[in-house]
Protein chains: 2
Amino acid sequence: MKKADLYATLRARILDLSLAPGGALEETALCETYGVSRTPLRETLQRLAGEGFVTLAANRGAAVSSMDLPVIRSLMQTAPMIYAAIARLAAENTTPAGINVLKSTQRSFRKAVEQADAGQMAIHNHRFHEAIGEMAASPYLMPSLKRLLIDHTRMSQRFYNARTRAEQKTIRSACDQHDAMIDAFVQRAPAHAVALTLDHWALSRDGIERFVAPPPLPLDPTQEIKDAV
Amino acid sequence: MKKADLYATLRARILDLSLAPGGALEETALCETYGVSRTPLRETLQRLAGEGFVTLAANRGAAVSSMDLPVIRSLMQTAPMIYAAIARLAAENTTPAGINVLKSTQRSFRKAVEQADAGQMAIHNHRFHEAIGEMAASPYLMPSLKRLLIDHTRMSQRFYNARTRAEQKTIRSACDQHDAMIDAFVQRAPAHAVALTLDHWALSRDGIERFVAPPPLPLDPTQEIKDAV
DNA sequence: GTACTGTTTTTTGTATACATCGTGTGTTCA
DNA sequence: TGAACACACGATGTATACAAAAAACAGTAC
């Protein structure tokens, strides 16, 4: 496997949680798995560390970046401001190329929604919001956006694994919001883009909150069985 | 030289412009200069790339991150929002340890101002604002703050090399503002901290603007000499 | 039984040799 | 004379061997 593929693979596996947050990353093990020597692997880890995917400790190796409670709190606090700022800039800096990327990514996202493929949904949603960031062309906001998206995507894995009909409806709403956002960009309407972005965030935030604080177990755990009988 | 020192040295030399923005960084040359082999050097470059100090191109080596006009525009646009958000969070999350770091850094900064040492001023000012970011404890804003500080510090190099009395007075004002900001943190006054931060930014922004758009040459370049005679 | 210490083993950090890629220069042919 | 191709050189990318540090373990003393 080549270095670029290695980078993409590790990145994807961190985003879809198949590499668990906080999990240790041993160099020799990863080398065997992906068929590269330690030099390029270590350089890839350094790069991933710079982007916030992994955390390095001197003489103690790498670990997948963790997602503890203070971090989630911080995400809730920061995300709306950054997402809104990015949306405004993107609407002001619309480019035909950028719009095309958004449209094709959105097509892939919608397909994943129709096929109920959680992993693909997460990836294409991630890419969609990253593409908005690229169109915003703000080198100083991009690093924070990318950091946010890493953890936002990881937390959304559960969100996309929708069980109930209500949850599935929520996902379709989110998908429609993407289309509305593209429209706002095409019309170069910053205020509208910001408003839609905040709605979109509200939807996502509710999903995360339901994951962090799920509905409590029934007081009588046997109730369901009794009902069935 | 050890890897940690190498990182610190390269970082400092980029910040104080002794490594010019856009300048190429050849691996073998750097190895000779700092007495390390290519493996740790390359890993250091990867790390610096992740933090925005250098830019890597595949098969084409590293270069110090450039500072062109679009980037400066973007800095002007982004800095107030991020600095203000960080100031607010820092005021809300004040810690004794954080305050101590700020106070000791500010002492070093003031000393540099008194000694008119531009390089030290830039370094300690950088550290001061980084320490505010650490106290804000916001993993998602920190990356953007660090990106901003890199270019803000580099652009300020000229600012700190004050020629006129007016400029020197401006620097002393900036130094006093630091003390006022520390007070606002100690009193846990977020709104006040934000207001002071925006004043501080305005001062710095004027300095940068004077550097980007310096006063035009006198229409008659010989005027000064004539006056002197 | 527990705590401490010395040794073993595993894991990370570094140096060096080799492979590969990009670039510049020189030659050849139209 | 100009353009295009081939070769050589220099730089980056990769593999491997060795050094150093940390962790795991066993043994002994208390």
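Treat the numbers as computed from the prediction; the structure is a model and nothing was measured.

Student: Could you give an account of the domain arrangement of chain A, with specific residues and numbers?
Tutor: Residues and elements named next belong to chain A. Domain annotation of chain A identifies domain 1 (3–64) and domain 2 (69–212). Relative placement of domain 1 and domain 2: their C-alpha centres are 26 Å apart. In this complex, domain 1 contributes eleven residues to the contact, which on the side of domain 2 involves eight residues. Between domain 1 and domain 2 the total buried area reaches about 830 Å² when both faces are included, carbon and sulfur atoms providing 60% of it. Summed over the three residues of domain 1 that lose the most area to domain 2, namely Arg11, Leu15 and Leu17, the buried surface amounts to 50% of that side. Between the two partners, domain 1 and domain 2, sit one salt bridge. At the boundary of domain 1 with domain 2, the tally comes to three residue pairs in polar contact (both at pLDDT 80 or more). Of all the secondary structure elements, the ones that give two or more residues to the side of domain 1 that touches domain 2 are helix H1 (3–15) and helix H3 (38–51). It is H1 that contributes the most residues to the side of domain 1 that touches domain 2, three residues altogether. Considered class by class, the residues forming the side of domain 1 that touches domain 2 number six nonpolar, two polar and three charged.

Student: Any details on the protein's contact with DNA strand C? Residues and values, ideally.
Tutor: DNA strand C sits among 15 residues. The nearest are Arg38(A), Arg42(A), Asn59(A), Ser37(B) and Thr39(B). For DNA strand C, the backbone makes up 62% of the atoms found within 4 Å of the protein, where backbone means sugar plus phosphate. Interatomic distance of 3.1 Å between a side-chain N/O atom of Glu26(A) and a phosphate oxygen of DNA strand C. For DNA strand C, a base nitrogen lies 2.8 Å from a polar atom in the side chain of Arg38(A). Secondary structure elements with two or more residues in the surface near DNA strand C: H3 of chain A together with helix H3 (38–50) of chain B. Residue composition of the surface near DNA strand C, by class: three nonpolar, five polar and seven charged.

Student: I'd like a description of the environment of Ser66(B), backed by residues and values.
Tutor: Residue and element names in this part refer to chain B. In this structure, Ser66 sits in the loop between strand S3 (61–64) and helix H4 (69–92). Linking Ser66 and Asp151, residues 85 residues apart in sequence, is a C-alpha distance of 9.1 Å. Sequence-distant contacts of Ser66, defined by excluding residues within four places in its chain, comprise Pro21, Gly22 and Arg154.

Cut-offs used in this document
Residues numbered from 1 in each chain as written. Chains lettered and ligands numbered in written order. Predicted model: local features only at pLDDT ≥ 70, side-chain atom pairs only at ≥ 80, totals over all residues. Heavy atoms only, no water. Domains from an automatic or database assignment. Contact = heavy atoms within 4.5 Å. Buried area = accessible area lost by both parts, 1.4 Å probe. Salt bridge = Lys/Arg side-chain N within 4 Å of Asp/Glu carboxyl O. Polar contact = N/O pair within 3.5 Å; in protein donor to acceptor, adjacent residues only side chain to side chain. Helix = DSSP H or I, 4+ residues; strand = E, 2+ residues; numbered from the N terminus. Nonpolar A, V, L, I, M, F, W, Y, C, P; charged D, E, K, R; others polar. Near = heavy atom within 4 Å.

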